[in-house]
Amino acid sequence: MVKKKVLILGGDGYLGWPTAMYFSRKGHDVAVVDNFIKRQWEAEVEAEPLIPIPSLQQRIRIWKQATGKKIRMYVGNLAHERFVARIFRDFKPDVIIHYGEQPSAPFSMMGNERTNETQINNVVGTLNVIYSMKRSTPEAHLIKLGTMGEYGTPNIDIEEGWITITHKGRKDRMLFPKKPGSFYHLSKVHDSNNLEFACRVWGLRVTDLNQGVVYGMETEETKLADGLHTSFHYDDIFGTALNRFCVQAVAGVPITPYGKGGQKRGFLNIVDTLRCVELAALHPAKKGEFRVFNQFTEVFSIRELAEKVKSAAADMGIRAKIRHVRNPRTELEQHYYNPVHRALPKLGLKPHLLSDVLVESMLAKIIEHKDLINEEIIMPRVLWVSKTE
Ligand SMILES: NC(=O)c1ccc[n+]([C@@H]2O[C@H](COP(=O)([O-])OP(=O)(O)OC[C@H]3O[C@@H](n4cnc5c(N)ncnc54)[C@H](O)[C@@H]3O)[C@@H](O)[C@H]2O)c1
């Protein structure tokens, strides 16, 4: 790719930091934006990552020492419109990669205050980004991280963002209907609607990446020096089921799928996230186009994930047990699931599979840091419907 100015929103996060290093290593001019709100939320809900993470300033310094490359940093809140406007005027990005949102379904379901915080943070932040693009960089390409959870689990095939509907003899191309499972996922649906509108009315160019659940602790860049690693959450609020299961196996406590475990989801390796974002950047949306890619490589049920972790642990001499627990969420536990995901493979994505990393770069790494595991933060604390309601 010719050298571009790449602005990464949420650059201190699990995906944002590895993305910043990835684009910087390829020779692009990279700037990151973050207000460290995730670190504050982690402290508030007792959900710190397994391996402590240096500050963003320190990571940028380590990166410069390791590679000679500079990453610029803007500290501030995306929900503050003047702050966002200033960054766009100052940096004038060609590509914006937007990860800067509250990313947890359980966090968004903790009560009225956390729901508001999630939706205001996410929806207002994205509105500020599109207004700033319109004013300062109308030709830039926004790559926005959405989620496969926007669709929910409908009893029909899930298309890539759009569907052609024939109704009473007339036909139109509409956004695919959404049936999300939390106020967090709803914030992403609201973002998608706002983005489609901005493309249609203002002529912006946007790629909405409806991403599956990401796993993996390492990328080529995180391995370049100590301190460049990214966050690994295994708690009930910010951790994913796979991460929790891996940590449970290592800690010698039962692996606990929620409910029957027949819930199916799309998954992808963190190195594929980086490649997908790069492919989107290499092949930008056209002016006025709101393009949606379903971004995952494999589908597993939660029960299958538990079995995979159990058998990978057995290969390492660990005898893990599986114990199904009451599902704190309101969701279908047995359902049809057939999402289309053709666009990214067509652009050149070659998937890395879960089976390639589960033992060596997940379980082995967790074993190295076994002493840091806090077993108290794994079991679910947030119910979708509380007993008193
Ligand atoms: N990790 C996954 O499995 C996954 C799956 C699907 C979609 N996504 C989406 O991808 C994006 C990145 O996910 P992640 O796992 O890296 O999350 P993360 O929480 O690790 O990173 C998000 C970063 O954005 C920052 N941020 C949030 N609100 C901000 C604001 N108002 N101003 C400035 N900075 C702000 C946070 O401080 C954090 O550093 C999120 O939008 C998430 O919803 C993630």
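Keep in mind it's a predicted model, so treat the numbers as computed, not measured.

Some remarks on the site of the ligand
Link 1 in the chain: Around the ligand, 26 residues are found, and the nearest of them are Asp34, Asn77, Asn121, Tyr184 and Lys188.
Link 2 in the chain: Asp34 places a polar side-chain atom, nitrogen or oxygen, 2.6 Å from an oxygen atom of the ligand.
Link 3 in the chain: Interatomic distance of 2.7 Å between a side-chain N/O atom of Asn121 and a nitrogen atom of the ligand.
Link 4 in the chain: Surface burial for the ligand is 95%, taken as the share of its 820 Å² of free accessible area covered by protein chains.
Link 5 in the chain: Secondary-structure elements contributing two or more residues to the shell around the ligand are helix 2 (37-44), strand 5 (141-147), helix 7 (183-202) and strand 9 (213-215).
Link 6 in the chain: For the shell around the ligand, the class distribution of residues is eleven nonpolar, ten polar and five charged.

Examining the side chain of Thr256
Link 1 in the chain: Locating Thr256 in the fold gives a position in the loop between helix 8 (241-251) and strand 10 (264-269).
Link 2 in the chain: You can call Thr256 buried: its relative accessible area is 2%.
Link 3 in the chain: At 2.8 Å, the side chain of Thr256 forms a polar contact with the side chain of Gln248.
Link 4 in the chain: Setting aside chain neighbours within four positions, we find Thr256 in contact with Phe245, Gln248, Arg323, Val325 and Met379.

Thoughts on the packing of helix 1 (residues 16-25) against helix 9 (residues 270-282)
Link 1 in the chain: Between helix 1 and helix 9, the shortest axis-to-axis distance is 10 Å and the interhelical angle comes to 55°. One way to sum up the angle between helix 1 and helix 9 is to call them oblique. Relative to helix 9, the crossing made by helix 1 is right-handed. Taking contact as the criterion, the partners of Pro18, Thr19, Tyr22 and Phe23 in helix 1 are, on helix 9, Ile270, Leu274, Arg275, Val277, Glu278 and Ala281.

Observations regarding the sheet that holds strand 8 (residues 205-211)
Sheets are built from strands paired through backbone hydrogen bonds, the pairs being either parallel or antiparallel.
Link 1 in the chain: Pairing is parallel across the open sheet formed by seven strands, whose spatial order is 3-2-1-4-5-8-11. Looking along the sheet, the strands with just one partner apiece sit at the ends: strand 3 (71-75) and strand 11 (290-295). The mean inter-strand angle of the sheet, taken between neighbouring strand axes irrespective of direction, is 20°.
Link 2 in the chain: Packing against the sheet, helix 6 (residues 112-136) makes contact with strand 1 (5-9), strand 4 (95-98), strand 5 and strand 8, and its axis sits at approximately 165° to strand 5.

Quick look at the UniProt feature "domain: NAD-dependent epimerase/dehydratase" (unreviewed entry) in the protein chain
Link 1 in the chain: Under the feature "domain: NAD-dependent epimerase/dehydratase" (unreviewed entry), the UniProt entry names residues 6-294.
Link 2 in the chain: Within the segment residues 6-294, helix and strand shares are 39% and 20% respectively, and the terminal C-alpha atoms sit 22 Å apart.

A closer look at a positive patch on the surface
Link 1 in the chain: A surface patch of like charges, here positive, comprises Arg86, Arg89, Lys92, Lys134 and Arg135.
Link 2 in the chain: Secondary-structure elements contributing two or more residues to the positive patch are helix 4 (81-91) and helix 6.
Link 3 in the chain: Mapping Arg86 onto the fold places it in helix 4.

Describing unusual backbone geometry
Link 1 in the chain: Positive phi, normally seen in glycine, also occurs at Glu46, with a value near 50°.
Link 2 in the chain: The exposure class of Glu46 is partly exposed, given its relative accessible area of 42%.
Link 3 in the chain: Although it is not a glycine, Lys92 sits at a positive phi angle of roughly 50°.
Link 4 in the chain: Among the secondary structure elements, Lys92 is positioned in the loop between helix 4 and strand 4.

Some remarks on the nonpolar core
Link 1 in the chain: Core analysis: the biggest nonpolar cluster contains 35 residues, and Trp17 and Ile97 have the highest contact counts within it.
Link 2 in the chain: If you list the elements that add at least two residues to this core, you get strand 1, helix 1, strand 2 (29-34), helix 3 (56-67), strand 4, strand 5, helix 9 and helix 11 (343-347).
Link 3 in the chain: Per element, the largest residue contribution to this core is seven residues, and it comes from helix 9.
Link 4 in the chain: Within the second largest apolar cluster, 34 residues are counted, among which are Phe267, Ala306, Ile318 and Ile373.

Concerning the sheet that holds strand 12 (residues 298-301)
Link 1 in the chain: Sheet architecture is open: three strands sit in the order 9-10-12, paired in mixed fashion. In the strand order of this sheet, the two ends are held by strand 9 and strand 12, each with one partner. If you compare each strand with its neighbour and ignore which way they point, the axes differ by 45° on average.
Link 2 in the chain: Helix 12 (residues 354-368) contacts strand 9, strand 10 and strand 12 of the sheet and is inclined by roughly 50° relative to strand 9.

Observations regarding the state of the cysteines
Link 1 in the chain: Counted under the stated rule, the structure contains zero disulfides.
Link 2 in the chain: Cys276 supplies the cysteine sulfur nearest to Cys199, a cysteine that is in no disulfide, at a spacing of 19 Å.

Regarding a negative patch on the surface
Link 1 in the chain: Taken together, Glu46, Glu48, Glu375 and Glu376 make up a surface patch of like negative charges.
Link 2 in the chain: Residue placement: Glu376 occurs in the segment after helix 12.

Comments concerning the pairing of strand 7 (residues 170-175)
Link 1 in the chain: Strand direction decides the pairing type here: strand 6 (residues 162-167) and strand 7, joined by six bridges, are antiparallel. Along strand 7, the bridge assignment pairs Thr164 with Arg173.
Link 2 in the chain: Taken together, strand 6 and the strand that follows it, strand 7, pair antiparallel across an intervening segment of two residues, in which Lys168 is found at a positive phi of about 50°.

Focus on the pattern of salt bridges
Link 1 in the chain: Tallying each qualifying case throughout the model produces 19 salt bridges.
Link 2 in the chain: We note a salt bridge from Lys365 to Glu218, for which the minimum N-O separation is 3.4 Å. Within this pair, whereas Lys365 is found in helix 12, its partner Glu218 is found in the loop between strand 9 and helix 8, the two being separated by 147 residues in sequence.
Link 3 in the chain: Owing to a relative accessible area of 23%, Glu218 belongs among the partly exposed residues under this scheme.
Link 4 in the chain: Counted as one network, the salt bridges with shared partners bring together Glu101, Lys144, Lys188 and Asp191.

Conventions adopted
Residues numbered from 1 in each chain as written. Predicted model: local features only at pLDDT ≥ 70, side-chain atom pairs only at ≥ 80, totals over all residues. Heavy atoms only, no water. Near = heavy atom within 4 Å. Polar contact = N/O pair within 3.5 Å; in protein donor to acceptor, adjacent residues only side chain to side chain. Areas by Shrake-Rupley, 256 points an atom, 1.4 Å probe, with all protein chains shown as cover. Helix = DSSP H or I, 4+ residues; strand = E, 2+ residues; numbered from the N terminus. Nonpolar A, V, L, I, M, F, W, Y, C, P; charged D, E, K, R; others polar. Buried < 20%, exposed > 50% of the residue type's maximum accessible area, 1.4 Å probe, protein only. Contact = heavy atoms within 4.5 Å. Axes fitted to C-alpha atoms, helices over the stretch in contact; angles between N-to-C directions. Parallel < 35°, antiparallel > 145°, perpendicular 65-115°, else oblique. Left-handed = near helix turned anticlockwise from the far one by under 90°. Pairing = 2+ DSSP bridges. UniProt positions renumbered as here; feature names shortened; annotations may be inferred. Patch = residues over 30% accessible without salt bridge, like charges linked within 9 Å, V, L, I, M, F, W, Y side chains within 5 Å. Salt bridge = Lys/Arg side-chain N within 4 Å of Asp/Glu carboxyl O. Lys, Arg positive; Asp, Glu negative; His and termini not counted. Charge placed at Lys NZ, Arg CZ, Asp CG, Glu CD. Core = buried A, V, L, I, M, F, W, Y, C linked by side-chain atoms within 4.5 Å. Disulfide = S-S within 2.5 Å.

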